[in-house]
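The primary structure of each chain is shown beneath.
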Amino acid sequence: MGSPAATTLSDDVVHWFTDPGARQDPYAFFDRLRDEDPVHYNEQLKTWVVTRYDDGDTVFRGSPVVRNPADFDISYMLDEQGELRPTWRLDRGTHRWHDGEDLNRIRRLVSQVMGARQIRSWRGQAQEVLDQHVERVVGLGEADLIEEFVFELPMQMICRIFGVPTSDRENYRKWTEDWFSAVVFVTDPEVQAKGDAAAIAFEEHIGELVKHKRDHPDESLLSLLIQARDSGDKLRDDELVAMTASMLGAGHETTGSLVGNATLALLRNPEQMALLREDPSRAKDAVEETLRYEGSAMLTPRFVAEDFELRGRTIAAGDMIQILLQATGRSPITFDDPHRFWIDRPSKRHLGFALGPHFCCGAQLARLEAELMVTAVATRFPNLEMTTDEVTWKPILGIRGLKALPVRWG
Amino acid sequence: MAGPDAQRIVVDRALCIGTGNCVFYAERTFDIDGSNKATVVDPDGDAIVDQRMAVENCPTGALSFAREEPTA
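In this report, we go over the structure that sits alongside the text.

Rules of the game
- The numbering scheme is per chain: residues are counted from 1 as the chain's sequence reads.
- Following the order in which they are written, the chains are lettered starting with A and the ligands numbered starting with 1.
- Totals for whole chains, interfaces and linings use every residue, but because this is a predicted model, local features are given only for residues with pLDDT of at least 70 and side-chain atom pairs only at 80 or more, for both listing and counting.
- Side-chain calculation: all heavy atoms of the structure are included, whereas hydrogens and water are not.
- Helix and strand definitions follow DSSP, with helices as H or I runs of at least four residues and strands as E runs of at least two, each counted in order from the N terminus.
- Throughout, the radius of gyration refers to the C-alpha atoms, and the reference size of a globule is 2.2 Å times the residue count to the power 0.38.
- Three exposure classes are used, based on accessible area relative to the maximum for each residue type with a 1.4 Å probe and protein chains only: buried under 20%, partly exposed in between, and exposed over 50%.
- Contacts were defined at the residue level, with two residues in contact if any of their heavy atoms lie within 4.5 Å.
- With residues, only the protein chains shown are counted as cover, and all accessible areas are computed by Shrake-Rupley using a 1.4 Å probe.
- The buried area of a pairing is the accessible area, by a 1.4 Å probe, that goes missing from both parts when the two are put together, added over both.
- The term salt bridge refers to a pairing of a side-chain nitrogen on Lys or Arg with a carboxyl oxygen on Asp or Glu at a separation within 4 Å.
- Each axis is a line fitted through C-alpha atoms, taken for helices only over the stretch in contact, and angles between the N-to-C directions span 0 to 180 degrees.
- Just so you know how the angles are binned, under 35 degrees is roughly parallel, over 145 roughly antiparallel, 65 to 115 roughly perpendicular, and the rest oblique.
- By convention the crossing between two helices is left-handed if the near helix lies anticlockwise of the far one by an angle smaller than a right angle, and right-handed if it lies clockwise.
- All amino acids are sorted into three groups, where Ala, Val, Leu, Ile, Met, Phe, Trp, Tyr, Cys and Pro are nonpolar, Asp, Glu, Lys and Arg are charged, and the leftover types, Gly among them, are polar.
- A pair of strands is labelled paired if DSSP reports no fewer than 2 bridges between them.
- Definition of a polar contact: a pair of N or O atoms within 3.5 Å, with one able to donate and the other able to accept a hydrogen when the atoms are protein atoms, and with sequence-neighbouring residues admitted only if both atoms are side-chain atoms.

### Here's the deal with the overall build of chain A
Scanning chain A from terminus to terminus reveals 17 helices and ten strands. For 410 residues, the compact-globule estimate of 2.2 N^0.38 gives 22 Å, and chain A sits close to it at 21 Å. Here the C-alpha coordinates of chain A stretch approximately 60 × 55 × 40 Å along the principal axes. For chain A, the proportion of its 410 residues judged to be buried stands at 57%. Relative to all contacts within chain A whose residues are 6 or more apart in sequence, the contacts with residues 24 or more apart total 72%. With an accessible surface of roughly 16700 Å², chain A has 49% of that area assigned to carbon and sulfur atoms.

### Considering the interface of chain B and chain A
Contacts between the two partners involve 19 residues from chain B and, on the opposite side, 21 residues from chain A. Both sides of the chain B and chain A interface together cover about 1600 Å² of buried area, and 50% of this is carbon and sulfur. Viewed at the interface, chain A and chain B are joined by one salt bridge. One salt bridge in this structure joins Asp31(B) and Arg120(A), with 3.5 Å as the shortest N-O distance.

### With respect to the pattern of salt bridges
Residues and elements named next belong to chain A. Counted by the stated rule, this structure contains 38 salt bridges over all chains. Between Asp237 and Arg229 there is a salt bridge, with its nearest N and O atoms 2.8 Å apart. Asp237 gets classed as partly exposed once you look at its relative accessible area, which sits at 44%. On the basis of relative accessible area, Arg229 is assigned to the partly exposed category, the value being 25%. Three or more residues are tied together by salt bridges with common partners; here these are Asp102, Arg105, Arg236, Asp238 and Glu239.

### Some words on the packing of helix α12 (residues 221-230) of chain A against helix α13 (residues 237-268) of chain A
Residues and elements named next belong to chain A. Running from N to C, α12 and α13 cross one another at 165°; their axes reach a closest spacing of 9 Å. Compared by their axis directions, α12 and α13 come out roughly antiparallel. Crossing handedness for the pair α12 and α13: right-handed. Contact residues: α12 offers Leu221, Leu222, Leu225, Ile226 and Arg229, while α13 offers Asp237, Leu240, Met243, Thr244 and Met247. Tallied by class, the residues present in the contact of α12 with α13 amount to seven nonpolar, one polar and two charged.

### A word on the sheet that holds strand β8 (residues 320-324) of chain A
Residues and elements named next belong to chain A. Strand order in the open sheet formed by five strands is β1-β2-β8-β5-β3, and the pairing between neighbours is mixed. Each end of this open sheet is capped by a strand with a single partner; those strands are β1 (39-42) and β3 (65-66). The sheet contact formed by β3 and strand β5 (residues 299-304) spans two bridges and is antiparallel. Counterpart to Val66 in the pairing with β5 is Phe303.

### Brief notes about the environment of Asp33(B)
All names here are of chain B. You can see Asp33 is positioned in the loop between β2 (30-32) and β3 (38-40). Along the sequence, Asp33 and Gly18 sit 15 residues apart, while their C-alpha atoms lie 8.7 Å from each other. At 2.9 Å, the side chain of Asp33 and the side chain of Arg13 are in polar contact. Engagement of the side chain of Asp33 in a polar contact is seen with the backbone nitrogen of Ser35, the distance being 2.9 Å.

### Considering the side chain of Arg282(A)
Residue and element names in this part refer to chain A. Note that Arg282 resides in the loop between α14 (270-278) and α15 (283-294). Here Leu275 takes part through its backbone oxygen, which lies 2.8 Å from a polar atom of the side chain of Arg282. There is a polar contact of 3.0 Å between the side chain of Arg282 and the side chain of Asp344.

### Examining the sheet that holds strand β10 (residues 406-408) of chain A
Residue and element names in this part refer to chain A. The strand order across the open sheet built from three strands is β4-β10-β9, with neighbouring strands paired in antiparallel fashion. Since the sheet does not close on itself, it has two edges, and those belong to β4 (142-144) and β9 (385-386), each with one partner. Pairing of β4 with β10 involves three bridges; the strand directions are antiparallel. Note on β10: the bridge partner recorded for Ala143 is Val407.

### Quick look at the environment of Cys58(B)
Note that Cys58(B) resides in the loop between α2 (48-56) and β4 (63-67). Taking the relative accessible area as the measure of exposure, Cys58(B) reaches 8% and is therefore buried. Between the C-alpha atoms of Cys58(B) and Phe30(B), which are 28 residues apart in sequence, the distance is 12 Å. With sequence-adjacent residues up to four places away left out, Cys58(B) is seen in contact with Arg61(A) and Leu63(B).

As structure tokens, this is what we get:
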């Protein structure tokens, strides 16, 4: 943390949430918070903070736990005129803020294209896209894998699933980063303004995509969402735009970052890389272990619709709970030797995709893409090594992802 | 293999939201049906350890083991 010894635990929590510098190596802080105050209430941030695996599990599956309680104060999402800021307008249209039947309505739609069975049928195509990309990268001999490798497959696949061209991919990456940067505990007006501009640009762009797709319907997820919107009360306009933006964004940022994290862990634990090279079918397990050890979603909020007891504390109706996912993955009560990256770990539990009704819609797609990419990292880049020991992490609170991963091979 | 201690996997279709997580952990045992609900296609499709992983990691707690009734 680098904070003076006199600071309280509460100050350190505020520091972690608000200062990207504090999040470079957060694990000692997580251990301390989990030991000293596992169900922490932070007066300044007005949120509960949960760090144990078992408590995270309880919250995710808890019946009074929701995303959008009736009496939740959304004033921090509003501008001077009392309107939702563009970043929040876009965010609130996603299923992330839905509960109950509203959530199921969206899940039913999305699973028609993103369900486990449907995703399995994309495997051959994903492998083909990846192979072509690896061919291009492998000749370089040296590259930043974040810039050159990890986002290519997720971006190509999510664009195919939505039936939209990849020509705007650089915009998608930038808009997503700016949007995601502005939605959690952000008070910096510059970051907010950038986020708002990105949200507006994203909304406008999706408006154009929808217009075009309406005239050229096909089997894609976007066509399906448009049909749901046009055929009655299955999808609202704002949901159509928000779901598209959210999946085009989350569909590459989180999966790409996950593969970056897996690669870093494998490079820092050469005996694990050796195990994977010996039997590349372990890639699936390496991905699950990365989801526990250093998943790419940093935290996720929940709210309680009625008073909720957790580890002897009463969480009052309307209160926010932030679950720190990487902290839960390192819980010593649940995981033996939690700070060890161990791809053959017998337990495959983790909260990397959350649990409960909001379990990640894209989990099976992310797993497929990550498995293929981690296999490629282990088998297609001989003598892969980092060119620097220092790594820096993105300043975005919601994402655990590397800014760069400079490597060489050959 | 079904033996004296064989356990049957039960899907609570009211709780299942079709995340496909069980198919990931035990792909020969489970599938997702046309109503987007998990279904057991082969009770002996995977090792018991994988089936247990699927049951324990069901995001909505829709899966459980029930002891098989002894046949005659």
